[in-house]
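What follows is each chain in one-letter form.
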Amino acid sequence: MPAVEVHQFAQCITCHAWSPDRTMVALCPNNTEVHIYKFTVDKWERVHVLFKHDQIISGIDWSLSSNKIVTASHDRNSYVWNHEGSEWVPTLVILRLNRAALCVQWSPKENKFAVGSGAKTVCICYYEPENNWWVSKLIRKRHDSSVTSVAWHPNNILLATTSTDGKCRVFSTFIKGIDMKDSGTSSSRDLKFGEQIVQLDLSSSWSFGVKWSPSGNTLAYAGHNSTVYFVEDIHNSPLAQNVAYRNLPLRDILFVSERMVVGVGFDCNPMVFTKDATGLWSFAKFLEERKSAQSNSKYGSQFSEAFGKLYGQSKHGVNDGVDSLRPRGIAHENTITCIVPLRKEGEKIVRRFSSSGLDGKIVIWELDDNAEIPE
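Values in this document were obtained by computation on a predicted structure and should not be read as measured data.

Caption draft 1: Highlighting the packing of aromatic side chains. The full count for this structure, using the stated rule, is 18 aromatic pairs. Relative to Phe208, the ring of Trp206 lies with its centre 6.4 Å away and its plane at 70 degrees, an arrangement referred to as edge-to-face. Owing to a relative accessible area of 47%, Trp206 belongs among the partly exposed residues under this scheme. Among the residues examined, Phe208 registers a relative accessible area of 7% and is labelled buried. In this structure an aromatic cluster arises from ring pairing among Phe230, Tyr245, Phe255, Phe273, Trp281, Phe283 and Phe286. Its guanidinium or amino end placed over the ring of Phe193, Lys137 lies 4.5 Å from that ring's centre, counting from NZ or CZ. The side chain of Arg251 reaches across the aromatic face of Phe208, ending 4.4 Å from its centre.

Caption draft 2: View of the sheet that holds strand E4 (residues 33-40). The sheet built from four strands is open, its strands ordered E2-E3-E4-E5 with antiparallel pairing. Either end of the sheet is taken by a strand with one partner, and the two such strands are strand E2 (15-18) and strand E5 (43-51). The average undirected angle you get between the axes of adjacent strands in this sheet is 25 degrees.

Caption draft 3: Fine view of the sheet that holds strand E23 (residues 260-265). Strand order across the open sheet formed by four strands is E22-E23-E24-E25, with antiparallel pairing between neighbours. Sheet topology places strand E22 (250-257) and strand E25 (281-286) at the edges, where each strand pairs with a single neighbour. When strand polarity is set aside, the average angle formed by the axes of neighbouring strands in this sheet is 30 degrees. Sheet analysis places E22 next to E23, joined by six bridges and oriented antiparallel. Bridged to Leu254 within E23 is Val262.

Caption draft 4: Expanded view of the pattern of salt bridges. Enumeration over the complete set of coordinates arrives at seven salt bridges. For Lys211, the salt bridge identified is with Asp252, shortest N-O distance 2.9 Å. Taken as a pair, Lys211 in strand E18 (residues 207-212) and Asp252 in strand E22 lie far apart in primary sequence, 41 residues in all. Look at Lys211 and you get buried, because its relative accessible area is 17%. As a salt-bridge pair, Lys275 and Glu232 come within 3.4 Å of each other at their nearest N and O atoms. Placement of the pair is Lys275 in strand E24 (residues 271-275) and Glu232 in strand E20 (residues 227-232), with a sequence separation of 43 residues. For the pair Lys275 and Glu232, one class covers both residues: buried. Overlapping salt bridges, with partners in common, bring together Asp144, Asp165 and Arg169 in one network.

Conventions and cut-offs
- Residues numbered from 1 in each chain as written.
- Predicted model: local features only at pLDDT ≥ 70, side-chain atom pairs only at ≥ 80, totals over all residues.
- Heavy atoms only, no water.
- Phe/Tyr/Trp six-rings, centres within 6.5 Å; stacked < 30°, edge-to-face > 60°.
- Buried < 20%, exposed > 50% of the residue type's maximum accessible area, 1.4 Å probe, protein only.
- Lys NZ or Arg CZ within 6 Å of the ring centre and 35° of its normal.
- Pairing = 2+ DSSP bridges.
- Helix = DSSP H or I, 4+ residues; strand = E, 2+ residues; numbered from the N terminus.
- Axes fitted to C-alpha atoms, helices over the stretch in contact; angles between N-to-C directions.
- Salt bridge = Lys/Arg side-chain N within 4 Å of Asp/Glu carboxyl O.

Below you can see the structure in the form of structure tokens.
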């Protein structure tokens, strides 16, 4: 059982990100603002409110070395926020989108960031010091539906995306003058911007939460059909594994190590997946134990709860019959939409991470130091 800290910040949290020193957290309380909280003495205190967007903010990322915040919103815009003095100063990034921006993430070197959108487009944004502005280059005509998540490969060139068309794709984002040709791509040929490296058509439903392993050798993403997809050796001959489970779908995942993944989603309880010595991935456990007195069958109780959540809801969203099956003491009380690592510099294994969801909570999870985490 991991140590848990539970903090109630709002009625609902869309997304969140941590400052480089982990003393401040930026979150969107499901509106047009970004609230920044700082931990002082024994409580969290709101120290800044960033308001510039006109619609709900759907993505936040806080760079670790440059201390910049990037936000993306349904208003089709993105802002880069710089801390100047005691204020956060926004710089507008023209994305040239005709649909909502849905997700955003800084690249590992923090010289670019990617924005996924409902316009079937990915924007790769970079800074031009000559003109003192952020420029975006678009990857068009590759997705058949909205781009739900993006993930940078450790080499700062490759970008993985998931979409509601059920596919996961990997693209080259090489930009002349920004990236170096020896950035670690295994391909011997030059990769042009927007070139599609691979398209994975593994899911029969929407896809979410794509992530790379720390080494970049494994790619994983979640399907809305309660399946997690693991793909090895993307560059040469991709080898895929599908891990199906008997619970509600995941919305986001995180590599704790090369051989352990934590997923969060509609089940309100993080799930752990591990890779054994033979290379096979499988569901291992929930981070919080689930016990039901109504049934001795592990999968029977989980299936009953999942079925009841999907089909047994009343008109007002309350299901008294199924609620009695749900174990008490679960940290989250509603869908978990976001999971963020709290890795210290130099650490290969993520022992601390945070999650946020529709219940307005941010939960900090800490894996037991004595727990065996496969590397």
